[in-house]
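Read off the chains here:
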Amino acid sequence: MSDLIPTFTAPPAGAGTDTRSSTGAGAGAARFDGSAPAHLRLHRLSDAEEKKRNRLVAQLRVAQKVNARQQSYYEGSKRVRDLGISIPPHLKDVEAVTAWPEIVVDVIDERSDWRGWTVDVDDPDGEPGAGDPLGLGEAYDVNHLGIEVSQAVLDSLINGIGFLSTGTGEDGEPDVLVKAESPSMMTATWSPRLRRAVEALRENKASTGRITGWTLFELDSTITTERRDGGGLLVVDRDEHEMNRIPVAVLLNRPRSSRTSGRSEITRAVRSFTESGMRTLLGMEVSREFYAAPQRFLMGANEDMFLDEKGNLKPAWEVLLGRVLVAPLNEVDEAPTAGQFSAASPQPFTEVLKSLAQMVSAATGLPATHLGFATDNPSSADAIDKADRRLNSRARRRHSQYDLGLIELGRTICLWRDDDLPPAGIIRSLWTDPGAPPPAAQADRAVKMITAGALDPTWDFTLEQFGLTDDEIRRVKKERLRTQGRTSLTEIIDRVQAGAGGAPADGAGGEGDGSGDGVQPPA
C-alpha cells in the first residue's frame, strides 16, 4: 500500500463515536430522530461507522492496484510492454524476466533477523535488564513471531508498509494471537503525532477469493461484518475492548515527513531499468531465433534446386539447415556462387544488460556482482567490506524504522493480555546485527572484554556477544544451572560426611592442627 495511507493528526470528526440514542424509548420503539430500533442497530454499522468503512474501502482499492504492480515486479510476473517496433507478433508471448527487483528487496530482507524484545526493568533478583517480567518471550514463542514478523518486513520492503494484527485466540491458539496481514487486504490511517495507526480496515475473503466482509478496527472496538447476498452488511461481532488504541501494528519502510506512508524498495528507477532489461532479453531471444543460424546465399542458382523429386517446393527449414548444397549448372553453363553471412553476435545485448545492471547498482547501492556481472579483476577484500558496510547501514536504518511498530506490538500484547499498558521506553526491539563479524572474531572480542572486566560471564548479554542464538543461550543457561546444582550437591555431601566424625585417612585435618570441621584442639 505504498504512498497511500493518508496522514491525520487525529481521527476524522465523529470517528469511533456511537451515534445511537441512549434516551428513553425501549427496544423496538419508534424514534423521532429517524434512527432504527435498538435491536436492529446492534446488527448494522452506525452512519459514522459506515462512512468510515466506505472511505477505507476506497483507500484499499487504490492501494491494491499499486501493490499488485509492485508484487508483479518482485515475483517476476511483470510482462514486457511491446513498443511495436521490433518484436514479431508471434514472439510477444515469450517470457523475459530479470530478477533485479527481487534481489534489491532480498538483500535487505536477508539482513533483517528479528529476535524479539528486551525489557529494561530489574528482575526480582536485582539484575538489571534480565528475565522476562512482561512475558513477551512466551508471546514470541507461541506465535512464532520470528516468522510472522519476517513476513511483515518483506511486505514492507515490497509495498512500503506491513501489518501485524493482535486479537484473542480461539481453541488451540495462543491466548493473544498475533499474525501478519497482507497489505493488499488491509489499510490504515496513520497519525504522525501519535506515531501509530488510529483506524484500520481488513478485507475478509473466502478460499475462492470472494469477499465475505470487512473488519473495522477502531480505538475502542473491533467490528466484524459479513456481506449478505442482497448486498447489505451484517455486524456479526462487536468487540468493545476499550483500549483506546487499535490492535494493529504498522511497519513503515523509508517514511519521511512528506511521505509518512512509507516507500517501496522497488522504486521508479528500479522498475524502469527492469523493463529495459526485459526488453533487451526479449530482443536477444528474437535475434537468436532469426540470426543464430548462419544464412547462406546462392548467386546464379536455378529454381529447380529448391524443388524436391516431385516438383514441390522444399520447406524453408530444410533449405536453411542443409549442410551440403549440390548445385547444377545454370542456363549459361555457369556454376552458382555460394556464400554465407556471419551469424549475429549477442554481445550488443549483453553490453546493454551490463550497463543497465550498473545503473541498478548505482540506484540501490548493490555491488554489480550481486546483479550477475563479474569483472575481470575481482574486488579486493576491502572493497567487498566497504560495499557490505553500506548494505548493513541500510538494513540498520530499516530496523530502526520498524522498531516503532514492533514496540507498539509488544505494548499492545501486554494491554490485551493483562489490561495494563507498560510504560513507554522500557520495551526495546532486538535485531541480529547485520554487520556482525564471523563467530570466531565475535568470540575473541567477547573473551577480551570479559578479561578487561567490561562484561560479566554470567550475563545473557555476554552470551549474545559470542554470537549465540536465543535457543543456544537458553541451552547454555540450563546447562549452567544443572552444573551449579551438581556442584552444590557435592559440597553438601562432603560437609555431611565431614560432620559425621570421620577424620581423613591421611591424617590431614586431624586433631592438633585446628583444621577440618572447625573443632578447636584441646588446650
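Use the structure listed above.
What you see as residue numbers is a count from 1 along each chain, following the sequence as written. Local features in this predicted model are restricted to residues of pLDDT 70 or higher, and side-chain atom pairs are both shown and tallied only at a pLDDT of 80 or more, whereas totals for entire chains, interfaces and linings draw on every residue. Side-chain calculation: all heavy atoms of the structure are included, whereas hydrogens and water are not.

Draft legend 1. Expanded view of the layout of surface pockets. The computed volume of the second largest pocket comes to approximately 680 Å³. Lining the second largest pocket are 26 residues, and of these Arg115, Trp431, Thr432, Asp433 and Leu468 lie nearest its centre. Each helix is a run of DSSP H or I of at least 4 residues and each strand a run of E of at least 2, with the numbering of both proceeding from the N terminus. Secondary structure elements with two or more residues in the lining of the second largest pocket: β1 (114–119), α4 (136–142), α5 (145–159), β12 (427–431), α10 (439–451), α11 (460–465) and α12 (470–499). For this classification, the nonpolar set comprises Ala, Val, Leu, Ile, Met, Phe, Trp, Tyr, Cys and Pro, the charged set comprises Asp, Glu, Lys and Arg, and every other residue, Gly included, is treated as polar. Grouping the amino acids of the lining of the second largest pocket by side-chain chemistry returns nine nonpolar, eight polar and nine charged. Cavities and pockets were defined on a 1 Å grid built over protein atoms only: a cavity is a set of grid points that admits a 1.4 Å probe from which the probe cannot escape, a pocket is an open set flanked by protein on both sides within 12 Å along at least five of seven lines, and lining residues are those with an atom within 4 Å of any such point. Grid points are joined across faces, edges and corners, and a volume is the space filled by probe spheres set on the points.

Draft legend 2. Main features of α5. One less than the residue count of a helix, multiplied by 1.5 Å, gives the span that helix is expected to have. With 15 residues, α5 should reach 21 Å at 1.5 Å per residue; the first-to-last C-alpha distance of 20 Å fits that figure. At the exit of α5 stands Gly160, carrying a positive phi of roughly 95°.

Draft legend 3. The arrangement of the sheet that holds strand β9 (residues 248–252) in detail. The rule for pairing is simple: two strands pair if DSSP sees at least two bridges between them. Spatially, the three strands line up as an open sheet ordered β3-β2-β9, and their pairing is antiparallel. Each end of this open sheet is capped by a strand with a single partner; those strands are β3 (176–181) and β9. Strand after strand, the sheet turns through a mean of 20° between neighbouring axes, direction not considered. By definition, residues are in contact when any of their heavy atoms lie within 4.5 Å. Axis angles are defined between N-to-C directions and span 0 to 180 degrees, where every axis is a line fitted to C-alpha atoms and, for a helix, only to the segment in contact. Helix-sheet contacts for α5 involve β2 (161–168), β3 and β9, and the interaxial angle to β2 is about 145°.

Draft legend 4. Here's a closer look at the pairing of β1. Here the term buried applies to any residue with accessible area under 20% of the maximum for its type, exposed to any over 50%, and partly exposed to those in between, with areas from a 1.4 Å probe on protein chains only. Counting buried positions over the six residues of β1 gives five, a clear majority of the element. Relative to β12, β1 runs antiparallel, the two being bridged by five bridges. In the sheet register, Trp117 faces β12, and the bridge partner there is Ser429.

Draft legend 5. Just empty space enclosed by the protein, in detail. By the definition in use, this model includes three cavities of 30 Å³ or more. Space inside the largest cavity adds up to approximately 50 Å³. The wall of the largest cavity is formed by Trp190, Arg195, Arg196, Ala197, Ile246, Val248, Ala249, Val250, Leu404, Gly405 and Glu408. Contributions of two or more residues to the lining of the largest cavity are made by β5 (196–205), β9 and α9 (381–418). Partitioned by chemical class, the residues of the lining of the largest cavity number seven nonpolar, one polar and three charged. Among the secondary structure elements, those contributing two or more residues to the lining of the second largest cavity are α2 (47–75) and α6 (268–291). Looking at the lining of the second largest cavity residue by residue, the class counts come to five nonpolar, five polar and one charged.

Draft legend 6. Spatial organisation of the packing of α2 against α5. Across the interface, α2 lies against α5 with an axial gap of 9 Å and an inter-helix angle of 100°. The angle between α2 and α5 places the two elements in the roughly perpendicular class. Residues Asn67, Gln70, Gln71 and Tyr74 of α2 form the contact with α5, whose participating residues are Leu154, Ile158 and Asn159. Split by residue class, the contact of α2 with α5 holds three nonpolar, four polar and no charged. By definition in this entry, angles of less than 35 degrees are roughly parallel, angles greater than 145 are roughly antiparallel, angles of 65 to 115 are roughly perpendicular, and the rest are oblique.

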